[in-house]
Amino acid sequence: HCGGDGVQSEREKLEEELLREWDDEDICQDHPQNWYSCDENIHCMHQNEGEDSWCSHEDARVMCRDCAGPGQKCESARVCTDELLVCDQLTEEEKEALDPMHPCVHESCAVSHHSSECEDLVFDHCCNPDIESCDRTERSTCSSIGCSQFTDSNSYYEIDYEM
């Protein structure tokens, strides 16, 4: 209300209407006031069955699990299927199902996420097929969050070299 004329702008009316519609109890609602991101507690998606952890607590918000239904915030969210976010939590079966050149299972990335070979693997896995330097024909499961977290982290998971 900087103008001081007492007239409410159209934008202010719209903002007030959006706030009235926002139900902060509905964390799955895709709404500008919903600050929850789909990668919240994504590690819980890969916890071992029966494992007692915070993920099992009734108040645990696992957005990709709880908010992936039709019309919900995380429906079809790429981050919900991005292995790069959970490399260290993948089961042996999940690791075996990955391409041997996948950054989660390739030995160069186990040594260092910052090696040039690992960075090349991440690029090859995450690149957009629409750009000329990308050899992919379709998008992978890689999300921008997964790519960023993987490349910014140190390698702290183990690779089974017998695989």
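Residues numbered from 1 in each chain as written. Predicted model: local features only at pLDDT ≥ 70, side-chain atom pairs only at ≥ 80, totals over all residues. Heavy atoms only, no water.

**Thoughts on the overall build of the protein chain**
Here is the rule: Segments assigned H or I by DSSP are reported as helices when at least four residues long, segments assigned E as strands when at least two residues long, and all are numbered from the N terminus. Contacts are assigned to residue pairs that have any heavy atoms within 4.5 Å of one another. Accessible areas in this description were obtained via Shrake-Rupley with a 1.4 Å probe; residue shielding takes into account the shown protein chains only.
The helix and strand inventory of the protein chain stands at six helices and zero strands. The N-to-C order of helical and strand elements in the protein chain reads α-α-α-α-α-α. Of the contacts made within the protein chain by residues no fewer than 6 positions apart, 50% connect residues no fewer than 24 positions apart. Carbon together with sulfur atoms contributes 45% to the accessible area of the protein chain, which is approximately 10,800 Å² in total.

**Things to note about the nonpolar core**
Cut-off, in case you're wondering: We call a set of buried residues a nonpolar core when its members are Ala, Val, Leu, Ile, Met, Phe, Trp, Tyr or Cys and they connect through side-chain atoms within 4.5 Å of each other. When a residue's accessible area, from a 1.4 Å probe over protein chains only, is under 20% of the maximum for its type it is buried; when over 50% it is exposed; and in between it is partly exposed.
By size, the foremost hydrophobic cluster in this structure holds 27 residues, and its most contacted members are C38, C74, V79, C80, L84, C104 and F150. Top contributing element to this core by residue count: helix α5 (residues 116-126), with four residues.

**Notes on the environment of C118**
Structurally, C118 is set in helix α5. Here C118 falls in the buried class, since its relative accessible area comes to 0%. For the pair C118 and E107, spaced eleven residues apart in sequence, the C-alpha separation works out to 8.6 Å. Leave out the neighbours within four places in its chain, and C118 touches S108, C109, S112, H113 and F150.

**Details of the state of the cysteines**
Test applied: The disulfide criterion used throughout: a pair of cysteine sulfur atoms within 2.5 Å.
Counting across every chain of the model gives seven disulfides. There is a disulfide in this structure between C38 and C74, and the S-S distance comes to 2.2 Å. Looking down the S-S bond of the C38 and C74 bridge, the torsion is -100°, so its handedness is left-handed. With C38 in the loop between α1 (10-21) and α2 (63-66) and C74 in the loop between α2 and α3 (92-97), the pair connects residues that are 36 residues apart, well separated along the chain. Taking relative accessible area as the criterion, C74 reaches 2% and is therefore assigned buried. Two residues, C87 and C104, share a disulfide whose sulfurs are 1.9 Å apart. Taking the torsion about the S-S bond as the criterion, the C87 to C104 disulfide, at about -65°, is left-handed. Taken together, the positions of C87 in the loop between α2 and α3 and C104 in the loop between α3 and α4 (107-111) put the pair 17 residues apart, joining distant regions of the chain. As far as the burial class goes, C87 and C104 line up, both buried. With no disulfide of its own, C147 lies closest to C126 among cysteine sulfurs, the gap being 4.0 Å.

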